[in-house]
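# Inside the fold
Each chain is listed here by its residues.
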Amino acid sequence: MVPIVTMGTIKTHMDSNIIEVKNLTKKFGEFVAVDDISFDVKHGEIFAFLGPNGAGKSTTIKMLTTVLHPTSGHITLDGKSPTHNEDEVRKTFGIVFQDPSLDDELTAYENMYFHGVLYGVDKKILKAKIQQLMEFVELWNRKDSLVKEFSGGMKRRLEIARGLLHHPKILFLDEPTIGLDPQTRNHLWTYIEQLNKQDGLTVFLTTHYMEEAEKVANRIAIIDHGQIVAQGTSAELKAQTNTTNLEDAFLNLTGRDMRVEDASSLDHMRSAMQRRRGGR
Amino acid sequence: MSTIYIMWLRQIKRYLRSKSRIIGSLGQPILYLFALGYGLGQVFASAGQGNYIQFLAPGIIAMSVLFTSMFNGVEMIWDRQFGFLKETMVAPVSRFNIMFGRVLGGATVATMQGLLVFVLSFAAGFRLHIHHAFWLLLLGLVFTFLIALLFTTLGTAIASMLTDFQGFQLIMSFVVMPTYFLSGAIFPLTNLPKVMSIITKIDPLTYGVDGLRGTLIAANHFPLHLDVLILVVLSLILLALGSYLFSLIEI
């Protein structure tokens, strides 16, 4: 089968890092959303970034993908800095946001085409590339339908195809399977594993479905209250917490309290005090 | 260049696909043309001001361009809420080009809307002079586009500062409606009370309406080159301000 994303030599330096994050911090006023985190993602790896609501996952993704500037710390994506080489970095990744980001009033094909033009994909290969990717996510026969007629799962598939159109080296997936039925979820992960295995695409994902992370991710980092509380393979995390599945390991590491996404300043204060007392 | 084009194209496609929006936004100008035109026509004529429909039509064209372009600018809030803005924000292209393409698209759409109202005004009894010069009509089109450009940019600049629809009604009440009513779109600028005269001179739409009146019925209050100059300079200032505000957007 023809590779979906052609990336040449990536397999040869599998062991080097494609994402490096050192002492990354983001503050919103007094509130520390991301607190001095460091981690690496290797070329060709599927890396899962897990954490309860409001833990700092999306803030971290936003900093990695150039839309938010860090308060301090260093990030490199494929050797380039998202703060200093914005456009270079933007070409290296594709992203599927947590919320839909398609234009509902345009057709599926137009959404793909507009993306191709924005990313400067060579006009000569653009049409063939769009067809290949839309066939891959099984939407080619619906190419002329307006996106507003699509179901949630179809929109997600289109977003994945779109995110791959400009040959990214890294694909960011921010809770890609939220609200989808098990069939569609299963399909999506099949696509993603296929891209990863065949083409060496690096995947950085967040999800709340622990069994999905356990199944697909090579390595996992768990973030809570802006800090990384553990990282390693699923097996390592389970061993570390003496648990038999990732969900238990996750609950063990992050506690059983429910979280509020947009916590009030009082909540921030409370949790900060709790952390100081070591009462996790 | 291709970024500007694709963002422009997007606005055009969206406009042409929303038939209900096109037809819906013609309702108001038609109502104004007929209700005001025939309601106040007698008073206007007996005050020695001539045919009110002739006077009113350029004002109503300017009004529909104002409404459409402000709406197109402010529509960016929808993009932010429904996510498409994010797609453009992570693309490796300059934010100015994204904003400028969007503004040009919105302005083109508003110009088309203005042309539709121009055609409809004939149904209300508006007539061009039989020897009307063609270049004046073209200049009228330029004025229509300048009004559209100015207010699409203003709408986009305002939308860059808003994150939800809550502010939309505020913009309608405190920006769009005053701009329309205080522009001389529905009344002559001569013999106004002092305060009113000053306010109309501050209102940018005044110069757009005046330009259209000059090119369509040869009844401008200010010199046409002054109208063009003011509209162009204001558009450029707003474009600079708007692209600055747009560059600050975080998603």
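See the structure above.
So, a few notes on the structure that sits alongside this text.

Thresholds applied
- Residues numbered from 1 in each chain as written.
- Chains lettered and ligands numbered in written order.
- Predicted model: local features only at pLDDT ≥ 70, side-chain atom pairs only at ≥ 80, totals over all residues.
- Helix = DSSP H or I, 4+ residues; strand = E, 2+ residues; numbered from the N terminus.
- Buried ≥ 20, exposed ≤ 12 C-beta atoms within 10 Å, placed from the backbone.
- Contact = placed C-beta atoms within 7 Å.
- Expected span 1.5 Å × (residues − 1).
- Pairing = 2+ DSSP bridges.
- Nonpolar A, V, L, I, M, F, W, Y, C, P; charged D, E, K, R; others polar.

### Some details on the overall build of chain A
Secondary structure assignment for chain A yields 10 helices and nine strands. Across the 280 residues of chain A, 42% fall into the buried class. Relative to all contacts within chain A whose residues are 6 or more apart in sequence, the contacts with residues 24 or more apart total 70%.

### Things to note about helix H6 (residues 95–121) of chain B
An α-helical turn contains 3.6 residues, so any two residues separated by three or four positions project in the same direction. Given a rise of 1.5 Å per residue, 27 residues ought to cover 39 Å, and the 39 Å separating the end C-alpha atoms of H6(B) matches this to within 8%. Counting buried residues in H6(B) gives 20 out of 27 residues, a clear majority hidden from the surface.

### Let's talk about unusual backbone geometry
All names here are of chain A. At aspartate 78, a residue that is not glycine, the phi angle is positive and equals roughly 50 degrees. Structurally, aspartate 78 is set in the loop between strand S4 (72–77) and helix H2 (86–92). Backbone geometry places histidine 225, a non-glycine residue, at a positive phi of 50 degrees. One can find histidine 225 in the loop between strand S8 (219–224) and strand S9 (227–232). Residue histidine 225 is classed as buried on the basis of its C-beta count, with 23 C-beta atoms lying within 10 Å.

### Side note on the pairing of S8(A)
Residue and element names in this part refer to chain A. Counting buried positions along S8 gives five out of six residues, so the element sits mostly inside the fold. Here strand S3 (residues 46–50) runs beside S8; their pairing, made up of four bridges, is parallel. By the bridge assignment, phenylalanine 49 is partnered in S8 with alanine 221. Bridging between S8 and S9 involves five bridges; their strand directions are antiparallel.

### As for the environment of A:Glu247
Residues and elements named next belong to chain A. Summarising the element assignment, glutamate 247 is placed in helix H9 (residues 246–254). Judged by the 14 C-beta atoms lying within 10 Å of it, glutamate 247 is partly exposed. Along the primary structure glutamate 247 and leucine 237 are separated by 10 residues, whereas in three dimensions their C-alpha atoms are 10 Å apart.

### Some points on the environment of A:Thr107
Residues and elements named next belong to chain A. The topology assignment puts threonine 107 in the loop between strand S5 (93–96) and helix H3 (108–118). For threonine 107, a count of 19 C-beta atoms within 10 Å gives the class partly exposed. Remark: the alpha-carbon pair of threonine 107 and alanine 221, spanning 114 residues in sequence, is separated by 37 Å. Among all residues touching threonine 107, those that are not within four sequence positions of it are Lys143, Asp144, Ser145 and Leu146.

### With respect to the interface of chain B and chain A
Taken together, the contact between chain B and chain A spans 20 residues of the former and 21 residues of the latter. At the level of elements, helix H1 (2–17) and helix H5 (84–89) of chain B are the ones that each hand at least two residues to the side of chain B that touches chain A. It is H1(B) that provides the largest number of residues to the side of chain B that touches chain A, a total of seven residues. Its residues placed into classes, the side of chain B that touches chain A shows nine nonpolar, four polar and seven charged.

Functional significance is not addressed by these values, which are geometric in nature.
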